[in-house]
Amino acid sequence: MSKYSRDKGQRGEREVCHLLSEHLNRPISRELGASRDGGCDIKVTMGAFVYYLEVKLYRKITQANVADWWEQAKRQTEEHGKDNLNPIPVLIYRQSHWKYWEVVIPLNYMLWQLSATKYKMKDEVAPRITTDLKYLTHLMLLDTDSTISKGTMDIYIER
């Protein structure tokens, strides 16, 4: 990996930490040595959940990239989240010229919210969704302040 790629990745991680800190009203920092140790980029504990965040800032993003990164996030969460009761893998990515970050989280993490709506799940639905960073922070805060977001959400479900 070139120095430019490493610097760009660290810049992306710092930007995500800043946004999370702003939305969660608490300091969030990078996991130093994560790339060396093969761990997640950022780890956040909120209530009963531990979020293992993998951050990607790339020049050109494809669906194949997202699928590979999602597998990486899940694998790292399985390897490093063994001691936690509720480890949640999270992929946060942005293409260099995009304004907003996109977030991929497990679908089962959101099923309890979806069950309160008329949305019906089918068995063949893939186990992940894509949403935005602000909505992720609303989900992370749910367990700590017992409030439910009154906003809207866009859900992209892969088949």
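Remember, predicted model here, so these are calculated numbers, not experimental data.

Participant: I would appreciate a short explanation of the overall build of the protein chain in the present structure.
Facilitator: When you go through the protein chain residue by residue, the secondary structure sums to five helices and six strands. Moving toward the C terminus, one meets the helices and strands of the protein chain in the order α-α-β-β-α-β-β-α-β-α-β. Per-residue burial over the protein chain gives 40% buried out of 159 residues. Entry remark: accessible area of the protein chain is about 9,700 Å², with carbon and sulfur atoms responsible for 51%.

Participant: I would appreciate a short explanation of the confidence of the model for the protein chain in the present structure.
Facilitator: Predicted coordinates in areas of low pLDDT are best not read in detail. Overall, the prediction assigns the protein chain a mean pLDDT of 77, with 73% of residues at 70 or greater. Averaged pLDDT values for the elements of the protein chain fall to 53 in helix α4 (residues 111-114) and rise to 92 in helix α3 (residues 63-80). Taken together, the stretch residues 145-152 has pLDDT below 50 and engages in eight contacts with residues farther than four places along the chain or on a different chain.

Participant: Mind showing me how you'd approach the pairing of strand β2 (residues 49-58) here?
Facilitator: Side chains on a regular strand alternate between the two faces of the sheet. Counting buried positions along β2 gives eight out of ten residues, so the element sits mostly inside the fold. Where strand β1 (residues 42-46) lies against β2, five bridges are found, and the strand directions are antiparallel. Each bridged residue has a counterpart across the sheet, and for threonine 45 the counterpart in β2 is valine 50. In this antiparallel pair of consecutive strands, β1 and β2, the connection spans two residues, and glycine 47 shows a positive phi of 60 degrees. As paired strands, β2 and strand β3 (residues 87-95) are joined by nine bridges and run parallel to one another. Pairing of tyrosine 58 across the sheet is with glutamine 95, part of β3. In this region the chain leaves β2, passes through α3 and returns to the parallel neighbour β3; the handedness of that crossover is right-handed.

Participant: Please explain the nonpolar core as it appears in this structure.
Facilitator: It is characteristic of soluble globular proteins that their nonpolar side chains tend to be buried jointly. Counting residues in each nonpolar core, the largest one holds 27 residues, and the members touching the most others are Val44, Tyr51, Val90 and Ile92. Elements with a contribution of two residues or more to this core: α1 (3-24), β1, β2, β3, β4 (102-106) and α5 (133-145). Ranked by residues supplied to this core, first place goes to α5 with six residues. In this structure, valine 44 is in contact with Leu24, Ile28, Phe49, Val50, Tyr51, Leu53 and Met140, ignoring residues within four places of it in sequence. Among the nonpolar cores identified, the runner-up in size contains eight residues, and Ile61, Ala73, Leu91 and Val104 belong to it.

Participant: So what exactly am I meant to see when it comes to the pattern of salt bridges here?
Facilitator: Pairing between side chains becomes possible if they bear opposite charge and their charged atoms approach one another. Within the structure shown, the criterion is met by four salt bridges. Here glutamate 13 ties to arginine 30 by a salt bridge, and the two come within 2.7 Å at their closest N and O atoms. Remark: arginine 30 occurs in the loop between α1 and α2 (34-37) and glutamate 13 occurs in helix α1; sequence separation between them is 17 residues. Across the salt bridge formed by glutamate 71 and lysine 74, the nearest N and O atoms sit 3.1 Å from each other. On the criterion of helical spacing, the pair formed by glutamate 71 and lysine 74 is a turn pair, its members being three residues apart in helix α3. Glutamate 71 gets classed as partly exposed once you look at its relative accessible area, which sits at 40%. Residue lysine 74 is classed as partly exposed on the basis of its relative accessible area of 25%.

Participant: Got a minute to help me understand the environment of serine 21 in this structure?
Facilitator: One can find serine 21 in helix α1. Filtering out sequence-adjacent residues up to four positions away, serine 21 remains in contact with Arg26, Pro27 and Ile28.

Participant: Just to check I follow, could you spell out α3 for this structure?
Facilitator: Side chains three or four residues apart in an α-helix point the same way, a direct result of the helix having 3.6 residues per turn. The end-to-end C-alpha distance of α3 is 26 Å, a good match for the 26 Å that 18 residues give at a rise of 1.5 Å each. Among the residues of α3, Val66, Trp69, Trp70, Gln72, Ala73, Gln76 and Thr77 are the ones counted as buried. The buried residues of α3 occupy one face: seen down the axis, they fall within an arc of 160 degrees. Turned more than 90 degrees away from the buried face of α3, the exposed residues are Asp68 and Glu78. Of the surrounding elements, those touching the buried residues of α3 are β2, β3, β4 and β5 (128-132).

What counts and how
Residues numbered from 1 in each chain as written. Predicted model: local features only at pLDDT ≥ 70, side-chain atom pairs only at ≥ 80, totals over all residues. Heavy atoms only, no water. Helix = DSSP H or I, 4+ residues; strand = E, 2+ residues; numbered from the N terminus. Buried < 20%, exposed > 50% of the residue type's maximum accessible area, 1.4 Å probe, protein only. Areas by Shrake-Rupley, 256 points an atom, 1.4 Å probe, with all protein chains shown as cover. pLDDT = per-residue confidence, 0-100. Contact = heavy atoms within 4.5 Å. Pairing = 2+ DSSP bridges. Right-handed = clockwise from strand over helix to strand, strands pointing away. Core = buried A, V, L, I, M, F, W, Y, C linked by side-chain atoms within 4.5 Å. Salt bridge = Lys/Arg side-chain N within 4 Å of Asp/Glu carboxyl O. Expected span 1.5 Å × (residues − 1). Arc of directions from axis to C-beta.

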